[in-house]
Amino acid sequence: MKSDLKKRIALLGRAARTRRGKNILTFGVFLVISSVLWVVLSLNEEDQVDVRMALRIEHLPDSITIVSTPPEFINVSLRARRTDLLKSTLGRDPVLKVDWRAYKSRGVVALSAAEIKTLARSVVGGATVLAATPDSLQLYYTESRGRRLPVVLDYKVTAGPQVALVGRPMVSPDSATLYAVGAAASGISAIATEPIRISGLNETTTMRVRLLTTGRTRAIPDSVDVTFKVEPLIVKTRRVVIEPVHVPPGIKLITFPAQVNVSYMMPASVYKHSNPQFRVVADYRSIDTSAPTRNMRLKLVDVDDNLQNVYLSADSAEYIIERH
């Protein structure tokens, strides 16, 4: 293989010494030189570019909490030589640094449009800053310690067919620390979530929900995990004795039949050990003596909240009244 390589190199050397080879070599040299010159000239030309700079607030004491939510990035439109742009952005993300000590005043860190442009210009040396978005900043801060408050859910969730929501929604964490500027948090005893509206939920679901605050309050954390537990429903039927109620002394109310079937649905997790104590009553006061038939309405009472689709196999019964 080494001998073949030497032969190929020798052939190339002989070809390069020919007139045609010299012409090709000269063309290649000039092509490289012209390409280098084009790159140099191109990099020296000015260009307009949009740069996204991460916003960082520096020298912030541990005792200070920024209440307003600062933007994550500042979008800056620049005009500069391409070499300057490459130097400032190559290999790293540009960061716009705001010194809290320089811009704080009476509970507010405020930067005008001109100040933002000046800071952006220092990040990209030699560039002209044409515009910045947002074009100004006004961030409230507080030295007060926050208050730990419970999280209150604002939700309206319904389960789909053949399933049920089990228990109350689980919130994690169930409280948050509220920071406020001045008296902005006075009278606030809990932090509400953004509204949750779901219909036809068919499986256990966990979602991240934002906490609602005003412009001069901030909750840490600013969101919580909310879990809605869903279980399948099991159908069950029980035979229940009809219980006469509000019967005057000296009178006995007898219904036919004396028992009635009650069907209901309940979550699978409580099916085996659940013993709901609902009642079926026949209210003496509901008897209509002027009716052509001796039938009276039956009513379900004391139904557990975890039961669904509870119904009687018969919603009325015949009756007789005996007097002692």
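What counts, and at which threshold
Residues numbered from 1 in each chain as written. Predicted model: local features only at pLDDT ≥ 70, side-chain atom pairs only at ≥ 80, totals over all residues. Heavy atoms only, no water. Salt bridge = Lys/Arg side-chain N within 4 Å of Asp/Glu carboxyl O. Buried < 20%, exposed > 50% of the residue type's maximum accessible area, 1.4 Å probe, protein only. Pairing = 2+ DSSP bridges. Helix = DSSP H or I, 4+ residues; strand = E, 2+ residues; numbered from the N terminus. Contact = heavy atoms within 4.5 Å. Axes fitted to C-alpha atoms, helices over the stretch in contact; angles between N-to-C directions. Polar contact = N/O pair within 3.5 Å; in protein donor to acceptor, adjacent residues only side chain to side chain. Arc of directions from axis to C-beta. Phe/Tyr/Trp six-rings, centres within 6.5 Å; stacked < 30°, edge-to-face > 60°. Lys NZ or Arg CZ within 6 Å of the ring centre and 35° of its normal. pLDDT = per-residue confidence, 0-100. Core = buried A, V, L, I, M, F, W, Y, C linked by side-chain atoms within 4.5 Å.

Draft legend 1. Examining the pattern of salt bridges more closely. Counting across every chain of the model gives 10 salt bridges. In this structure, Lys229 and Glu231 form a salt bridge, with 3.8 Å as the shortest nitrogen-oxygen distance. According to the relative accessible area criterion, Lys229 is partly exposed, its value standing at 40%.

Draft legend 2. Inspection of the sheet that holds strand β6 (residues 108–111) at higher detail. Here we have four strands laid out as an open sheet, ordered β2-β8-β6-β5, and antiparallel in their pairing. The open sheet has two edge strands, β2 (65–66) and β5 (104–105), and neither has a second partner. Bridge count for β6 against strand β8 (residues 137–142) is four bridges, and the pairing is antiparallel. Each bridged residue has a counterpart across the sheet, and for Ala110 the counterpart in β8 is Gln138. Against the sheet, helix α5 (residues 113–123) engages β6 and β8, with an angle of about 75° to β6.

Draft legend 3. Fine view of the side chain of Asp283. Its place among the elements puts Asp283 in strand β22 (residues 279–283). Here His246 takes part through its side chain, which lies 3.1 Å from a polar atom of the side chain of Asp283. With residues up to four places along the chain from it excluded, the contact list for Asp283 reads Val245, His246 and Met296.

Draft legend 4. View of the sheet that holds strand β16 (residues 205–210). The antiparallel open sheet is built from three strands, whose spatial order is β12-β18-β16. Here the strands that pair on one side only, and so sit at the sheet edges, are β12 (170–172) and β16. Taking each pair of neighbouring strands and ignoring which way they run, the sheet shows an average axis angle of 25°. Where β16 lies against strand β18 (residues 223–228), six bridges are found, and the strand directions are antiparallel. Opposite Thr205, over in β18, you have Phe228 as the bridge partner.

Draft legend 5. Summary view of α5. Along α5, the residues that are buried comprise Ile116, Leu119, Ala120 and Val123. What you see down the axis of α5 is that its buried residues fit within an arc of 100°, all on one side. More than 90 degrees from the buried face of α5, the exposed residues found are Ala114 and Ser122.

Draft legend 6. The packing of aromatic side chains, seen in detail. Applying the stated criterion across every chain, the model contains three aromatic pairs. Centre to centre, the rings of Trp100 and Tyr141 are 5.6 Å apart; their planes meet at 75°, and the pair counts as edge-to-face. Of this pair, Trp100 sits in helix α4 (residues 100–103) while Tyr141 is found in strand β8, placing the two residues 41 residues apart along the sequence. When the centroid spacing of 5.4 Å and the interplanar angle of 75° are considered together, the rings of Tyr264 and Phe278 count as edge-to-face. Of the two residues, Tyr264 sits in strand β21 (residues 259–267) while Phe278 sits in the loop between β21 and β22, which places them 14 residues apart along the sequence. Across the pair, Phe278 and Tyr264 agree in class, each one buried. Positioned above the aromatic ring of Trp100 is the side chain of Lys104, whose terminal nitrogen or guanidinium carbon lies 5.2 Å from the ring centre. A cation over a ring is seen here: Arg238 above Phe278, with NZ or CZ 5.1 Å from the ring centre.

Draft legend 7. Inspection of the confidence of the model for the chain at higher detail. Taken residue by residue, the chain gives an average pLDDT of 83. The fraction at 70 or more is 81%. The secondary-structure element of the chain with the lowest mean pLDDT is helix α1 (residues 2–16), recorded at 55, while β18 shows the highest, at 97.

Draft legend 8. Local environment of the pairing of strand β19 (residues 230–245). Where strand β11 (residues 163–165) meets β19, three bridges bridge the pair, whose relative direction is antiparallel. Within β19, the position partnered with Ala164 by the bridge is Glu231. Pairing analysis gives nine bridges linking β19 to β21, with the strands arranged antiparallel. When the bridges of β21 are listed, Thr237 appears paired with Ser263. In this structure, β19 lies alongside β22, joined through four bridges in parallel fashion. By the bridge assignment, Pro244 is partnered in β22 with Ala282.

Draft legend 9. Layout of the nonpolar core. By size, the foremost hydrophobic cluster in this structure holds 25 residues, and its most contacted members are Met53, Val76, Leu96, Val98, Val109 and Leu111. When residues of this core are traced back to their parent elements, those giving at least two are β1 (46–58), β3 (73–81), β4 (95–99), α4, β6, α5, β7 (128–133) and β8. Broken down by element, this core gets its largest block of residues, four residues, from α5. Those residues in contact with Leu96 that lie beyond four places of it in its chain are Met53, Ala54, Leu55, Arg56, Ile74, Ile116, Leu119, Ala120 and Val123. Residues Leu153, Ala176, Ile191 and Val230 belong to the second largest nonpolar core, which totals 20 residues.

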